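Residue-level listing of the chains:
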Amino acid sequence: MRDLIVVLGDQLDPAHALIADMDPEQDRVWMAEVDDEATHVWSHKARLVLFLSAMRHFRDDLDRPLIYHELGAHPDLAAALAADLTQHQPQRVRLLKPGDWRVEQSIEQTCRDAGIELVVDDDPHFICSLADFEAWADGRKRFLLEDFYRWLRKRTGILMRNREPAGGRWNYDEDNRASFGRGGPGKLPPRQRFDPDATTQSVIDLVEARWPDHPGELADFDWPVTPAQAQQALDDFVEHRLAGFGAHQDAMWTDAAFLSHSTLSAALNLKLIDPRSVMDAAVQAWESGHAPINAVEGFVRQILGWREYVRGLYWRDMPQWLDENRLDAQEALPPMYWTGQTEMQCMQQAVGQTLRYGYAHHIQRLMITGLFGLLLGVRPREVHAWYLAIYVDAVEWVELPNTLGMSQHADGGRMASKPYVASGQYVKRMSNYCDGCRYDPGDATTDQACPMTTLYWDFLARHEDRFADHRRMRFQYRHYARKNSGERAAISRRANTVRKLARDGQL
Ligand code: FAD
Ligand code: SF4
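Residues numbered from 1 in each chain as written. Chains lettered and ligands numbered in written order. Predicted model: local features only at pLDDT ≥ 70, side-chain atom pairs only at ≥ 80, totals over all residues. Heavy atoms only, no water.

1. Thoughts on the side chain of Gln349
Turning to step 1, where the next piece is worked out: Of note, Gln349 is situated in helix H15 (residues 345-357).
Turning to step 2, where the next piece is worked out: Aside from chain neighbours lying at most four places away, what touches Gln349 is Trp253, Thr254, Asp255 and Tyr433. (Helix = DSSP H or I, 4+ residues; strand = E, 2+ residues; numbered from the N terminus. Contact = heavy atoms within 4.5 Å.)

Take a look at the structure:
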C-alpha cells in the first residue's frame with residue numbers, strides 16, 4: 001500500500017482533497033469509530049449520534065477502497081491506527097489538518113512509533129490557510145476580528161464591489177442588536193427537519209444502549225447528516241429565515257430555540273457543506289432583493305470573519321490556551337449546567353434547549369451560559385469541557401477560542417480585549433426570560449436578587465484592580481463607583497450566598 005488516507009469524523013467533505021487525489025490501486029481511505037472520541041468529554045447524545053451517523057453515511061456513499069472500523073474494535077484512535085499500520089505497512093499516512101490539537105498529536109505519535117511518514121496538509125475547506133493567517137498575524141500587536149475580516153473580504157472579493165464593501169458599509173452590527181420588544185418574534189417558519197433514516201435510527205439505538213447516562217435527549221434528533229441534507233438546510237434558511245437573521249441576531253425568546261439562525265454550524269464543522277457555497281447563497285439572496293444587506297453582511301461576518309478567525313487563533317495559541325486561567329477562577333461548574341434545573345429562567349431556557357437539541361444560538365452561549373460561568377468564576381477548563389461536550393457543532397478549534405477566549409477571558413484578553421460581562425438588565429433587554437423569573441434583574445442584594453446582577457457587581461469588585469482603568473470598561477466602573485460601602489458589602493454577601501446555592505443545586 002502506498003498511502004493510508006485518514007479521514008476523521010469532522011472531515012466528511014464530499015470533495016475531500018486527499019480522496020479526490022488518491023490512486024485507488026495503491027491507496028486506501030481509513031476511518032475509525034472509537035469510544036475515546038465519544039467519551040473524553042461527557043458528550044451530549046445528539047453530538048454522538050450526529051458524528052457517528054454522518055460517518056456511516058459518508059462510508060456508505062464512498063466509492064473508493066476503504067478500511068472502516070465500527071465502534072468496539074479499538075478503544076481509541078491511536079490504537080486503531082497503530083494496529084492497521086502494523087498490518088498494512090503503508091508507505092505514508094496522509095491527513096488533512098485535524099480540528100483538534102490532541103488528535104493531531106496522537107496521530108503524529110502513532111506514526112512516529114510505527115516509523116511511517118505522516119504528511120499533514122492544510123484543509124482547503126477553510127478559506128484562509130493557516131500560513132496566510134500567520135502572514136496576516138505576523139508583526140501585529142493585537143489580532144482584531146474587524147481587521148482580519150476586512151482583510152479577508154478584500155482578498156476573496158466576497159461581498160465586495162470594486163474593492164469597496166457591497167452596500168457601502170463594512171459593518172452593520174449597530175443594526176443587528178435589536179430585541180423583539182413586547183410582541184416577541186411572531187410566527188417564524190419552522191426550520192426544516194430531517195427525520196432519522198434507518199442508518200441514523202440504528203445509531204440512535206446504539207448510543208442509547210452504549211452511553212445511557214450521557215447528557216441530552218434524542219427524541220427531537222433532526223440534524224442534517226449528509227451533504228444533500230446540509231444543502232437542503234441551507235436552501236431552507238436562505239428562503240425562509242435569512243432576511244430576518246440580521247436585526248434580531250442577538251435577541252432571545254422563551255421556548256424559541258432557533259429563531260432566524262441558520263443552524264448550519266454542525267453541517268459546516270463536519271464539512272458536509274462548504275462555507276463558500278453557504279456565503280454565495282446568502283450574497284445571491286441580497287443581490288436578488290430577497291434579503292437585506294444588514295442580514296447578509298451579518299451572516300457573512302460570522303462565517304468569513306469569526307469562523308476563520310477563531311481557527312487561525314486556535315492553531316496559533318495551542319496548547320498554551322488550554323491551561324490559562326488569568327482571572328484565577330476556581331469555582332466548580334454547577335450541576336444546573338447538566339440538568340437545567342434552576343429557578344433562573346435564562347439558564348433554565350438556555351440549558352433546557354441545549355439538552356433537548358444540542359443547540360443554543362450565539363448570544364445564549366455567550367451571554368447566558370458563558371456569562372453566568374464567567375461571573376460565578378468557574379474554572380475555565382470545566383467550562384471548556386462542558387461546551388465541547390454539549391453542542392452538536394462542537395469541535396475544539398472553534399469551541400475552545402470561543403469559550404476560553406471570548407467568553408471566559410481566560411487568556412487575559414488576547415482574543416477579546418475586555419470580558420463580556422453584563423447584569424440581568426442586559427438579559428431583560430434582549431429577551432423575555434426575566435418576565436417569568438422568580439428573580440428580579442434590578443435587585444442585587446436581597447433573596448429576590450437576580451444572580452446575574454449580583455454576580456456582575458461582584459465581578460467588577462473582584463477585578464477592580466485589573467479592569468477599572470480599562471478604556472472599554474470605564475462606563476461600567478463609573479456606575480460601580482456610585483455604590484457606597486454598605487451596598488458593596490451587601491453585594492459581596494449575596495454573591496457568596498449565590499455561589500453556595502449554585503454549588504448545592506438550589507439556585
Ligand atoms: P448562525 O447564527 O446562523 O451563524 C452562521 C454561522 O456562522 C454559524 O453556523 C457558524 O459556522 C458561524 N459562526 C457564528 N458565530 C461564530 C463564532 N463566534 N465563531 C465561529 N463561527 C461562528 N460554534 C461552533 O461552530 N462550534 C462550537 O463548538 C462553538 N462553541 C461556542 C462556545 C461559546 C462559549 C460561544 C460564545 C460560541 C460558540 N460557537 C461555536 C459560536 C456560535 O455560537 C455558533 O457557531 C452558532 O451559535 C451556531 O449556530 P448557527 O449555525 O445557527 O449560527
Ligand atoms: Fe436570568 Fe436574572 Fe432575568 Fe432571572 S431575572 S431570567 S436570573 S437575568
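2. Quick notes on the sheet that holds strand E5 (residues 117-121)
Turning to step 1, where the next piece is worked out: An order of E3-E2-E1-E4-E5 is seen for the five strands of this open sheet, with the pairing classed as parallel. The sheet terminates laterally at strand E3 (66-69) and E5, the two strands that pair on one side only. Mean inter-strand twist for the sheet, computed between neighbouring axes without regard to direction, equals 25°.
Turning to step 2, where the next piece is worked out: Pairing geometry for strand E2 (residues 28-32) and E3, over four bridges, is parallel. The partner of Val29 across the bridge, within E3, is Leu66. (Pairing = 2+ DSSP bridges. Axes fitted to C-alpha atoms, helices over the stretch in contact; angles between N-to-C directions.)

3. Comments concerning the packing of helix H17 (residues 380-390) against helix H18 (residues 396-407)
Geometrically, a packed helix pair is captured by the angle between its two axes and the distance between the axes.
Turning to step 1, where the next piece is worked out: Where H17 meets H18, the closest approach of the two axes is 9 Å, and the angle between their N-to-C directions is 140°. Viewed along their axes, H17 and H18 adopt a mutual orientation that is oblique. The way H17 lies across H18 gives a crossing that is right-handed. Mapping the contact onto sequence places Pro380, Val383, His384, Tyr387 and Leu388 in H17 and Glu396, Glu399, Leu400, Thr403 and Leu404 in H18.
Turning to step 2, where the next piece is worked out: Residue classes in the contact of H17 with H18 are distributed as six nonpolar, two polar and two charged. (Parallel < 35°, antiparallel > 145°, perpendicular 65-115°, else oblique. Left-handed = near helix turned anticlockwise from the far one by under 90°. Nonpolar A, V, L, I, M, F, W, Y, C, P; charged D, E, K, R; others polar.)

4. Some details on the pattern of salt bridges
If the charged atoms of two oppositely charged side chains come close together, the side chains can form a pair.
Turning to step 1, where the next piece is worked out: This model, assessed by the stated rule, comprises 45 salt bridges.
Turning to step 2, where the next piece is worked out: In this structure, Lys45 engages Glu208 in a salt bridge whose closest nitrogen and oxygen atoms are separated by 3.1 Å. Of this pair, Lys45 sits in helix H3 (residues 45-61) while Glu208 sits in helix H8 (residues 198-210), and the two are 163 residues apart along the sequence.
Turning to step 3, where the next piece is worked out: Take Glu208: its relative accessible area is 34%, and that puts it in the partly exposed class.
Turning to step 4, where the next piece is worked out: When the shortest N-O distance is used, the salt bridge between Arg326 and Glu324 registers 3.2 Å.
Turning to step 5, where the next piece is worked out: In the salt-bridge network here, residues are joined through shared partners; they are Glu146, Arg150, Arg153, Asp173, Arg177, Glu297 and Arg301. (Salt bridge = Lys/Arg side-chain N within 4 Å of Asp/Glu carboxyl O. Buried < 20%, exposed > 50% of the residue type's maximum accessible area, 1.4 Å probe, protein only.)

5. Quick look at the side chain of His463
Turning to step 1, where the next piece is worked out: On the secondary structure map, His463 appears in the loop between helix H20 (451-462) and helix H21 (464-467).
Turning to step 2, where the next piece is worked out: The contacts of His463, once residues within four sequence positions are left out, are Leu327, Ala468 and Tyr477.

6. Structural notes on the site of ligand 1
Turning to step 1, where the next piece is worked out: In the vicinity of ligand 1 lie 29 residues, with His261, Ser262, Thr263, Asn269 and Tyr359 positioned nearest.
Turning to step 2, where the next piece is worked out: At 2.8 Å from an oxygen atom of ligand 1 is found a side-chain nitrogen or oxygen belonging to His261.
Turning to step 3, where the next piece is worked out: In this structure, Asn402 approaches ligand 1 through a side-chain N or O atom, which is 3.0 Å from a nitrogen atom.
Turning to step 4, where the next piece is worked out: Relative to its unbound accessible area of 820 Å², ligand 1 is 99% covered by the protein chains.
Turning to step 5, where the next piece is worked out: Looking at the shell around ligand 1 residue by residue, the class counts come to 14 nonpolar, eleven polar and four charged. (Near = heavy atom within 4 Å. Polar contact = N/O pair within 3.5 Å; in protein donor to acceptor, adjacent residues only side chain to side chain. Areas by Shrake-Rupley, 256 points an atom, 1.4 Å probe, with all protein chains shown as cover.)

7. Here's the deal with the packing of aromatic side chains
Turning to step 1, where the next piece is worked out: Applying the stated criterion across every chain, the model contains 27 aromatic pairs.
Turning to step 2, where the next piece is worked out: These aromatic residues form a ring-pair network of at least three members: Phe133, Trp136, Phe143, Phe148, Trp151, Trp306 and Tyr309.
Turning to step 3, where the next piece is worked out: The ring centre of Trp457 lies 4.4 Å from the NZ or CZ of Lys483, which sits over that ring. (Phe/Tyr/Trp six-rings, centres within 6.5 Å; stacked < 30°, edge-to-face > 60°. Lys NZ or Arg CZ within 6 Å of the ring centre and 35° of its normal.)

8. A few points about the site of ligand 2
Turning to step 1, where the next piece is worked out: In the vicinity of ligand 2 lie 13 residues, with Cys346, Cys434, Cys437, Tyr439 and Cys450 positioned nearest.
Turning to step 2, where the next piece is worked out: Mapped onto the shell around ligand 2, the elements with two or more residues apiece are H15, helix H19 (424-430) and H20.
Turning to step 3, where the next piece is worked out: Looking at the shell around ligand 2, its residues break down into eleven nonpolar, two polar and no charged.

9. A closer look at the domain arrangement of the protein chain
Turning to step 1, where the next piece is worked out: Annotation of the protein chain at the domain level lists domain 1 (3-121), domain 2 (130-312) and domain 3 (335-504).
Turning to step 2, where the next piece is worked out: Roughly 1000 Å² of surface becomes buried between domain 1 and domain 3 when both sides are summed, with 62% attributable to carbon and sulfur atoms.
Turning to step 3, where the next piece is worked out: Summed over the three residues of domain 1 that lose the most area to domain 3, namely Trp42, His44 and Arg47, the buried surface amounts to 48% of that side.
Turning to step 4, where the next piece is worked out: There are six residue pairs in polar contact (both at pLDDT 80 or more) connecting domain 1 and domain 3.
Turning to step 5, where the next piece is worked out: At four residues, the largest contribution of residues to the side of domain 1 that touches domain 3 is made by H3.
Turning to step 6, where the next piece is worked out: Residue classes in the side of domain 1 that touches domain 3 are distributed as six nonpolar, four polar and three charged. (Domains from an automatic or database assignment. Buried area = accessible area lost by both parts, 1.4 Å probe.)

10. Focus: the packing of H3 against H8
Turning to step 1, where the next piece is worked out: The N-to-C vectors of H3 and H8 enclose an angle of 140°; their axes lie 9 Å apart at closest approach. Classed by the angle they form, the pair H3 and H8 counts as oblique. Remark: the crossing between H3 and H8 carries right-handed chirality. Residue-level inspection shows Lys45, Leu48, Val49, Leu52, Ser53, Arg56, His57 and Asp60 of H3 in contact with H8, the latter providing Thr199, Thr200, Ser202, Val203, Ile204, Leu206, Val207 and Glu208.
Turning to step 2, where the next piece is worked out: Taken together, the residues of the contact of H3 with H8 break down into seven nonpolar, five polar and four charged.

11. Points about the nonpolar core
Turning to step 1, where the next piece is worked out: Counting residues in hydrophobic clusters, the biggest one holds 151 residues, and the most contacted among them are Leu242 and Phe372.
Turning to step 2, where the next piece is worked out: At eleven residues, helix H12 (residues 293-317) tops the list of elements feeding residues into this core.
Turning to step 3, where the next piece is worked out: Leaving out residues up to four positions away in the same chain, Phe372 has contacts with Met336, Tyr337, Met344, Met347, Pro451, Met452, Leu455 and Leu507.
Turning to step 4, where the next piece is worked out: Of all hydrophobic cores here, the second largest spans 17 residues; its members include Leu8, Ile67, Leu95 and Ile107. (Core = buried A, V, L, I, M, F, W, Y, C linked by side-chain atoms within 4.5 Å.)

12. As for the pairing of strand E1 (residues 3-6)
Looking along a regular strand, one sees side chains alternate from face to face of the sheet.
Turning to step 1, where the next piece is worked out: Neither face of E1 is exposed, since Asp3 and Ile5 on one face and Leu4 and Val6 on the opposite face are all buried.
Turning to step 2, where the next piece is worked out: With four bridges joining them, E1 and strand E4 (residues 92-96) adopt parallel strand pairing. Its bridge partner being in E4, Ile5 is matched across the sheet by Arg94.
Turning to step 3, where the next piece is worked out: Strand direction decides the pairing type here: E1 and E2, joined by three bridges, are parallel. For Ile5, the partnering residue across the bridge sits in E2 and is Val29.

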